[in-house]
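Report on the structure
Next come the chains, spelled out residue by residue.
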Amino acid sequence: QVQVVESGGGLVQAGGSLRLSCAASGRTFSSYCMGWFRQAPGKEREFVAAITRSGGLISYVDSVKGRFTISRDNAKNTVYLQMNSLKPEDTAVYYCAAGYEFAKVAQEYDYWGQGTQVTVST
């Protein structure tokens, strides 16, 4: 079992950057694939990015390709989401999730954080 806690959200102007962090508890962090999802008001939770256990395989939703970068540091039990060139449509609560499968669907992830708010102003 693993617990994850997100941090790094906030208010930023369009074009700006933020780096989200997701710290995981336990000694088995490297056993999990990690994903980032987001949910905007009135919308369903959306896949953003995922990374395999070793970081050797990464996937992004098309809308963030070239702007967001997911990475992980297994020695620090942490996964990151670097977000550049932010747009107002990136505004959402961002969630970190851990699972055994490298997947783009929320149902494949077993452990979730509470989320961190990202607001991009015009």
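Predicted model, so just to flag it, every value in this text is computed and none were measured. (Residues numbered from 1 in each chain as written. Predicted model: local features only at pLDDT ≥ 70, side-chain atom pairs only at ≥ 80, totals over all residues. Heavy atoms only, no water.)

Another aspect to go through is the packing of aromatic side chains. Enumeration according to the criterion identifies seven aromatic pairs in this entry. With centroids separated by 4.9 Å and ring planes inclined at 35 degrees, the aromatic side chains of Tyr 32 and Tyr 100 adopt a geometry described as tilted. Of this pair, Tyr 32 sits in the loop between β3 (18–24) and β4 (33–39) while Tyr 100 sits in the loop between β9 (92–99) and β10 (111–112); the two residues are 68 residues apart in sequence, bridging distant segments of the chain. Residue classification places Tyr 32 among the buried positions, given a relative accessible area of 2%. With 5.3 Å between their ring centres and 75 degrees between their planes, Phe 37 and Tyr 109 make a pair best called edge-to-face. In this pair, Phe 37 is assigned in strand β4 and Tyr 109 in the loop between β9 and β10, connecting sequence segments 72 residues apart. Within the aromatic cluster, the residues linked to one another by ring pairs are Phe 37, Phe 47, Tyr 95, Tyr 109 and Trp 112. For the cation-ring pair, Arg 72 lies above Phe 29, with the distance from its terminal atom to the ring centre recorded as 4.5 Å. (Phe/Tyr/Trp six-rings, centres within 6.5 Å; stacked < 30°, edge-to-face > 60°. Helix = DSSP H or I, 4+ residues; strand = E, 2+ residues; numbered from the N terminus. Buried < 20%, exposed > 50% of the residue type's maximum accessible area, 1.4 Å probe, protein only. Lys NZ or Arg CZ within 6 Å of the ring centre and 35° of its normal.)

This next bit is on the state of the cysteines. Under the defined criterion, the tally for this structure stands at one disulfide. Unpaired in terms of disulfides, Cys 33 finds its nearest cysteine sulfur in Cys 96, a separation of 12 Å. For Cys 33, a relative accessible area of 1% gives the class buried. (Disulfide = S-S within 2.5 Å.)

A few words now on the pattern of salt bridges. Counted under the stated rule, the structure contains four salt bridges. Measuring nitrogen to oxygen at the nearest pair gives 2.7 Å for the salt bridge that ties Glu 46 to Arg 38. Taking relative accessible area as the criterion, Arg 38 reaches 6% and is therefore assigned buried. Here the salt bridges do not stand alone but share partners, grouping Arg 38, Glu 46, Arg 67 and Asp 90 into one network. (Salt bridge = Lys/Arg side-chain N within 4 Å of Asp/Glu carboxyl O.)

If you walk across this open sheet you meet the four strands as β1-β3-β8-β7, and the pairing is antiparallel. One side of each edge strand has no neighbouring strand; the edge strands of this open sheet are β1 (4–7) and β7 (68–73). Averaged over all pairs of adjacent strands, the angle between strand axes in this sheet comes to 15 degrees, irrespective of strand direction. As paired strands, β1 and β3 are joined by four bridges and run antiparallel to one another. Note on β3: the bridge partner recorded for Glu 6 is Cys 22. (Pairing = 2+ DSSP bridges. Axes fitted to C-alpha atoms, helices over the stretch in contact; angles between N-to-C directions.)

A one-sided burial pattern is seen for β7, the buried positions being Phe 68, Ile 70 and Arg 72 and the unburied ones Thr 69, Ser 71 and Asp 73. Across six bridges, the pairing between β7 and strand β8 (residues 78–83) is antiparallel. Counterpart to Phe 68 in the pairing with β8 is Met 83. In sequence, β7 turns back onto β8 through a hairpin of four residues, with Asn 77 there showing a positive phi of about 55 degrees.

Attention now moves to the nonpolar core. Of all hydrophobic cores here, the largest spans 36 residues; its most connected members are Met 34, Trp 36, Val 79, Leu 81, Met 83 and Tyr 94. For this core, the secondary-structure elements that each account for two or more residues are β3, β4, β5 (46–51), β7, β8, β9 and β11 (116–121). Residues contacting Leu 81, with those up to four places away along its chain left out, are Leu 18, Arg 19, Leu 20, Trp 36, Val 48, Ala 49, Phe 68, Thr 69, Ile 70 and Tyr 94. (Core = buried A, V, L, I, M, F, W, Y, C linked by side-chain atoms within 4.5 Å. Contact = heavy atoms within 4.5 Å.)

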